[in-house]
Amino acid sequence: MIEIQQLVKRFGAKTALDGISLRVEQGSVFGLVGSNGAGKSTLLRTIAGVFRTDGGSVQIDGQPVFENSQMKNRVYFVPDYPYFLPKATLEEMAVFHRRVYTRWSEESYRTLCKTFSLDPKGRLQNFSKGMQRQAALILALSCQPDYLLLDEIFDGLDPVVRQLLKKLLAGQVDERKMTVVIASHNLRELEDVCDHVGFLHKGGVLMEQELDSLRLGIHKIQAVFREPVTPDQLAGLDVVSWEARGSLISMVVRGEEDAVRKQLESWEPVFCESLPLTLEEVFISEMEAAGYDIDNILS
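Remember, predicted model here, so these are calculated numbers, not experimental data.

K.L.:
Where do I start with helix α4 (residues 106-116) in this structure?
P.N.:
Every α-helix carries 3.6 residues per turn, so stepping three or four residues along brings you back to the same face. Buried within α4 we find Tyr-109, Leu-112, Cys-113 and Phe-116. End-on, the buried residues of α4 take up no more than an arc of 105°, which puts them together on one face. Within α4, the exposed residues directed more than 90 degrees away from the buried face are Glu-107 and Lys-114. In this structure, the buried side of α4 is in contact with α3 (90-100), α5 (129-142) and α6 (159-176). Of the residues trailing α4, Ser-117 is marked for its positive phi of about 55°.

K.L.:
Just to check I follow, could you spell out the side chain of Ser-250 for this structure?
P.N.:
Tracing the sequence through the fold places Ser-250 in strand β13 (residues 248-254). In this structure Ser-250 comes out as buried when scored by relative accessible area, which is 18%.

K.L.:
Which parts of the structure should I look at to understand the environment of Glu-3?
P.N.:
Within the secondary structure, Glu-3 sits in strand β1 (residues 2-11). In sequence terms Glu-3 and Ala-94 are 91 residues apart; their C-alpha atoms lie 31 Å from each other. Beyond its immediate sequence surroundings of up to four residues, Glu-3 is in contact with Leu-22, Arg-23, Ser-57, Val-58 and Gln-59. Of note is the side chain of Glu-3, whose polar atom sits 3.2 Å from the side chain of Arg-23.

K.L.:
Teacher, can you tell me more about the nonpolar core here?
P.N.:
Across soluble globular proteins, you tend to see nonpolar side chains buried next to one another. The biggest cluster of nonpolar side chains holds 53 residues, and the ones touching the most others in it are Leu-90, Leu-150 and Ile-182. If you tally residues by element for this core, the top one is α5, at seven residues. The residues contacting Ile-182, other than those within four sequence positions of it, are Val-29, Phe-30, Gly-31, Leu-32, Leu-150, Ile-153, Phe-154, Leu-169, Leu-190 and Val-193. Counting 25 residues, the second-largest nonpolar core is a separate cluster that includes Ile-4, Leu-17, Ala-48 and Tyr-147.

K.L.:
Mind showing me how you'd approach the packing of α4 against α5 here?
P.N.:
In a pair of packed helices, the angle between the axes and the distance between the axes together describe the arrangement. For the pair α4 and α5, interaxial distance at closest approach is 9 Å and the crossing angle is 155°. Regarding the angle of α4 to α5, the classification is roughly antiparallel. Between α4 and α5 lies a crossing of right-handed hand. Residues Ser-108, Tyr-109, Leu-112, Cys-113 and Phe-116 of α4 form the contact with α5, whose participating residues are Gln-134, Ile-138, Leu-141 and Ser-142.

K.L.:
Would you mind going over the sheet that holds strand β12 (residues 238-245) with me for this structure?
P.N.:
Sheet strands pair via backbone hydrogen bonds, and the direction of the pair is either parallel or antiparallel. If you walk across this open sheet you meet the four strands as β12-β13-β11-β14, and the pairing is antiparallel. Only two strands of the sheet have a single neighbouring strand rather than two, namely β12 and β14 (271-275). Taken pair by pair, the neighbouring strands of this sheet meet at an average axis angle of 20°, ignoring direction. Relative to β14, helix α9 (residues 257-265) is tilted by about 165°, and along the sheet it contacts β11 (218-224), β13 and β14.

K.L.:
How should the layout of surface pockets be read in this particular structure?
P.N.:
Where empty space is left in the structure can be found by rolling a water-sized probe over the atoms. The computed volume of the largest pocket comes to approximately 530 Å³. As for the largest pocket, its lining consists of 22 residues, of which Tyr-76, Phe-77, Phe-96, His-97 and Tyr-101 are closest to the centre. Partitioning the lining of the largest pocket into residue classes produces 17 nonpolar, four polar and one charged.

K.L.:
I would appreciate a short explanation of the sheet that holds strand β2 (residues 14-24) in the present structure.
P.N.:
Strands sit in the order β2-β1-β4-β5 across an open sheet of four strands; the sheet is antiparallel. Strand pairing shows two members of the sheet lacking a second neighbour, β2 and β5 (63-64), which therefore form its edges. Note: β1 against strand β4 (residues 55-60), five bridges, orientation antiparallel. If you follow Ile-2 over to β4, its bridge partner there is Ile-60. Across the sheet, helix α1 (residues 40-47) lies against β1, β2 and β4, angled at about 115° from β1, the strand it touches most.

K.L.:
Just to check I follow, could you spell out the pattern of salt bridges for this structure?
P.N.:
A side chain of one charge can pair with a side chain of the opposite charge if their charged atoms are brought near each other. By the definition in use, this model includes 19 salt bridges. Measuring nitrogen to oxygen at the nearest pair gives 2.6 Å for the salt bridge that ties Asp-80 to Arg-133. Separated by 53 residues along the polypeptide, Asp-80 in the loop between β6 (75-78) and α3 and Arg-133 in helix α5 bring together distant segments of the chain. Each member of the pair Asp-80 and Arg-133 is classed as buried.

K.L.:
Help me out: how do you make sense of the packing of α4 against α6 in this one?
P.N.:
α6 packs onto α4 with a crossing angle of 155° between their chain directions and a minimal axis gap of 12 Å. With respect to α6, the element α4 is oriented roughly antiparallel. Crossing of α4 over α6 shows right-handed handedness. In this structure, α4 uses Leu-112, Thr-115 and Phe-116 to contact α6, whose residues at the interface are Val-161, Leu-164 and Leu-168. Of the residues belonging to the contact of α4 with α6, the class tally is five nonpolar, one polar and no charged.

K.L.:
What is the right way to look at the confidence of the model for the chain in this model?
P.N.:
Note that predicted coordinates carrying low pLDDT should not be read in detail. Put simply, the chain has an average pLDDT of 87, and 93% of its residues get 70 or more. For residues 294-299, every residue scores under 50 in pLDDT, and the model assigns this stretch two contacts once sequence neighbours within four places are set aside.

Calculation criteria
Residues numbered from 1 in each chain as written. Predicted model: local features only at pLDDT ≥ 70, side-chain atom pairs only at ≥ 80, totals over all residues. Heavy atoms only, no water. Buried < 20%, exposed > 50% of the residue type's maximum accessible area, 1.4 Å probe, protein only. Helix = DSSP H or I, 4+ residues; strand = E, 2+ residues; numbered from the N terminus. Arc of directions from axis to C-beta. Contact = heavy atoms within 4.5 Å. Polar contact = N/O pair within 3.5 Å; in protein donor to acceptor, adjacent residues only side chain to side chain. Core = buried A, V, L, I, M, F, W, Y, C linked by side-chain atoms within 4.5 Å. Axes fitted to C-alpha atoms, helices over the stretch in contact; angles between N-to-C directions. Parallel < 35°, antiparallel > 145°, perpendicular 65-115°, else oblique. Left-handed = near helix turned anticlockwise from the far one by under 90°. Pairing = 2+ DSSP bridges. 1 Å grid on protein atoms, 1.4 Å probe; cavity = no way out; pocket = protein on both sides within 12 Å on 5 of 7 lines; lining within 4 Å. Points joined across faces, edges and corners; volume = space filled by probe spheres on them. Nonpolar A, V, L, I, M, F, W, Y, C, P; charged D, E, K, R; others polar. Salt bridge = Lys/Arg side-chain N within 4 Å of Asp/Glu carboxyl O. pLDDT = per-residue confidence, 0-100.

Structure follows, in structure tokens:
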């Protein structure tokens, strides 16, 4: 289990993480989403023990990670731009990893090289962006980590490889109870693989929740009323966003779906339906509630 309590990380005068607290349960796939500069990459690096905290704590299974070699043997971090030794081949990086990670699985390495169809003797600097990410994933999964931290891992991968990655992660979580934390702007891909999600904004956590529960608590409603209606008139509804196009009103509302529909029906709408929200729509709604929307950005 990853436990983060009141985590603070500063870079000079800039506070990248400002009192973050969250928990990632063992065997879960946790998605980190947030605005640009929200601190997602910094949080992953701090969890991995790359950065020392400036306040609060980060513990994995009750132990700090920073300068803890035994714990780092169980954690693997794939950054947004994977690092390889200069002019190294995938095979040479495998030799390096065998010496560092005691859980290295040669069988997994050989199988993954064939699965991703990468040449182990090819120089990594000559690989495309997507192929370099595949190489980093081969090395990561071959190390058999208990905790896998991935930063923008879907970037540069074609649709077939993205599906393959999700299948491999699901298999590792199911078989070994591996815990995965993925920071990504690709919310559509996160929606397929994550069971929990955390929204970050300006160095803090807006919310952290199970994905299914998150969807149950927020709804997209489309309705047509006989008389013009404004958000202020819909007393008792927690309206997150509101848009009127002619007589059709689209709104995002928090609350229990039955209670929301009952409240709306009291206004005798001509038409009313509830639509499922995608993770991206939930994210945009939460960001708008926090004051981060296109109107504020352009103003």
